[in-house]
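# Architecture and fold: a report
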Amino acid sequence: MSGNQAKKDVSTRTRRAIIDALKQQGGMDVVSLSSQFSLSGMAIRQHLNGLKEEGFVTHIEEARPMGRPTKLWILTPAADRFFPSGYSELSVSLIQSMKEAFGETGLDQLLAVRNQNMQVQYARHLEGASDIKSKLDKLAEIRTMEGYMAEVKEQDDGSLLFIEKHCPICAAAAVCTGLCKNELHLFKTVLGEDVQIERGEYILAGGRNCVYTVSPAQK
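So, here's what we can say about the structure. Remember, predicted model here, so these are calculated numbers, not experimental data. (Residues numbered from 1 in each chain as written. Predicted model: local features only at pLDDT ≥ 70, side-chain atom pairs only at ≥ 80, totals over all residues. Heavy atoms only, no water.)

## Notes on unusual backbone geometry
Put simply, the rule is: Helix and strand labels come from DSSP, where a helix needs a run of H or I of at least four residues and a strand needs a run of E of at least two; each type is numbered from the N terminus.
Even without being glycine, Ser38 reaches a positive phi, approximately 55 degrees. Along the chain, Ser38 turns up in the loop between α2 (30-37) and α3 (41-53).

## Structural notes on the environment of His166
To keep it simple, the criterion reads: When a residue's accessible area, from a 1.4 Å probe over protein chains only, is under 20% of the maximum for its type it is buried; when over 50% it is exposed; and in between it is partly exposed.
Within the element layout of this structure, His166 appears in the loop between β4 (160-164) and α6 (170-175). Assessed through its relative accessible area of 5%, His166 is described here as buried. Sequence separation of His166 and Ser34 is 132 residues, and the distance between their C-alpha atoms is 24 Å.

## Points about the nonpolar core
Put simply, the test is: In this text, buried Ala, Val, Leu, Ile, Met, Phe, Trp, Tyr and Cys residues form a nonpolar core when linked through side-chain atoms within 4.5 Å.
Residues Tyr122, Leu136, Leu139, Phe162, Leu179, Leu191 and Val214 are the most contacted members of the largest nonpolar core, which totals 34 residues. Ranked by the residues each element gives to this core, the list is headed by helix α7 (residues 178-191), at seven residues. Among the nonpolar cores identified, the runner-up in size contains 16 residues, and Ile18, Leu33, Ile44 and Met149 belong to it.

## Examining the state of the cysteines
Heads up, the rule is: Our working definition of a disulfide is a cysteine sulfur pair at a distance within 2.5 Å.
Within this structure, the stated rule accounts for zero disulfides. This cysteine, Cys180, is not joined by any disulfide, and Cys167 carries the nearest cysteine sulfur, 5.9 Å off. With a relative accessible area of 5%, Cys180 lands in the buried category.

## Concerning the sheet that holds strand β6 (residues 210-216)
What counts is decided by this rule: A pair of strands counts as paired when DSSP detects no fewer than two bridges linking them. Axis lines are fitted to C-alpha atoms, over the contacting stretch for helices. Their N-to-C directions set the angle, which ranges from 0 to 180 degrees. Two residues form a contact once any of their heavy atoms are found within 4.5 Å.
The strand order β3-β4-β6-β5 describes an open sheet built from four strands, whose pairing is antiparallel. Because the sheet does not close on itself, it has two edges, and the strands there are β3 (150-154) and β5 (195-199). Going across the sheet, the axis of each strand differs from the next one's by a mean of 25 degrees, ignoring polarity. The pairing of β4 with β6 spans five bridges and is classified as antiparallel. Bridge assignment links Leu160 to a residue of β6, and that residue is Val214. Where α7 meets the sheet, it contacts β4, β5 and β6, and its direction lies at approximately 160 degrees from that of β5.

## Considering helix α5 (residues 132-145)
Stated precisely, the cut-off is as follows: A helix is expected to reach a length of 1.5 Å times the quantity of its residues less one. Counted as a polar contact is a pair of N or O atoms within 3.5 Å, where, for protein atoms, one must be capable of donating a hydrogen and the other of accepting one, and residues adjacent in sequence contribute only when both atoms are in side chains.
Taking 1.5 Å per residue as the helical rise, α5 with its 14 residues ought to reach 20 Å, and the 20 Å between its terminal C-alpha atoms agrees with that figure. For α5, every residue scored as buried is listed here: Ile132, Lys135, Leu136, Leu139, Ala140, Ile142 and Arg143. Sitting at the head of α5, Asp131 places a side-chain oxygen 3.3 Å from the backbone nitrogen of Lys133. Among the residues trailing α5, Gly147 stands out with phi positive, at a value near 100 degrees.

## Considerations on the environment of Ile163
Among the structural elements, Ile163 can be located in strand β4. The buried category is assigned to Ile163, whose relative accessible area is 7%. Spatially, the C-alpha atom of Ile163 lies 18 Å from that of Leu75, the residues being 88 residues apart in sequence. In contact with Ile163, not counting residues within four places along its chain, are Met149, Ala150, Glu151, Lys153, Asn209, Cys210 and Val211.

See below:
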């Protein structure tokens, strides 16, 4: 491998790592990225400008209490190509075909069967988890394996956030809202009656993530 090719490969890996970081952490400035990747600000800017030319990142300005606004770099929708898509075009086509063949009622019945199968699979994965936190950690594991990039965060008030940073079925969910409705029902079922879960931020509604607030059920 030539020296130029080796440099190109390193640059490609770094840019992909930057895309992953922005997906995981949201908007980041050059200082934060420099610290995370142990690169100079100039090197990070070169990578960001290259990604911007390719249409994968853009930037916004965030006001700070003191000094000038900070430039935050964020991903564009074009960057979704780097993350699991759940065969979006095929999924949308199949959903439309099922609607034509079986109607809305038939489609709902098929989704109910899918939901039941997932419920069994998830319940098996959550076996042995007794408290809410351990259940959510297990749920995050299986959802991450499915491409949702899930994580659990504990809040100061003791509640927990279940966060999904990517939606591999987003295109399908956009034409079939029952998919998202069924997922919320699925979570409530596998977490148990002693757990209360509410969806706040929602990718299909323009949110950066899908965020669920989870707490003990009111008695």
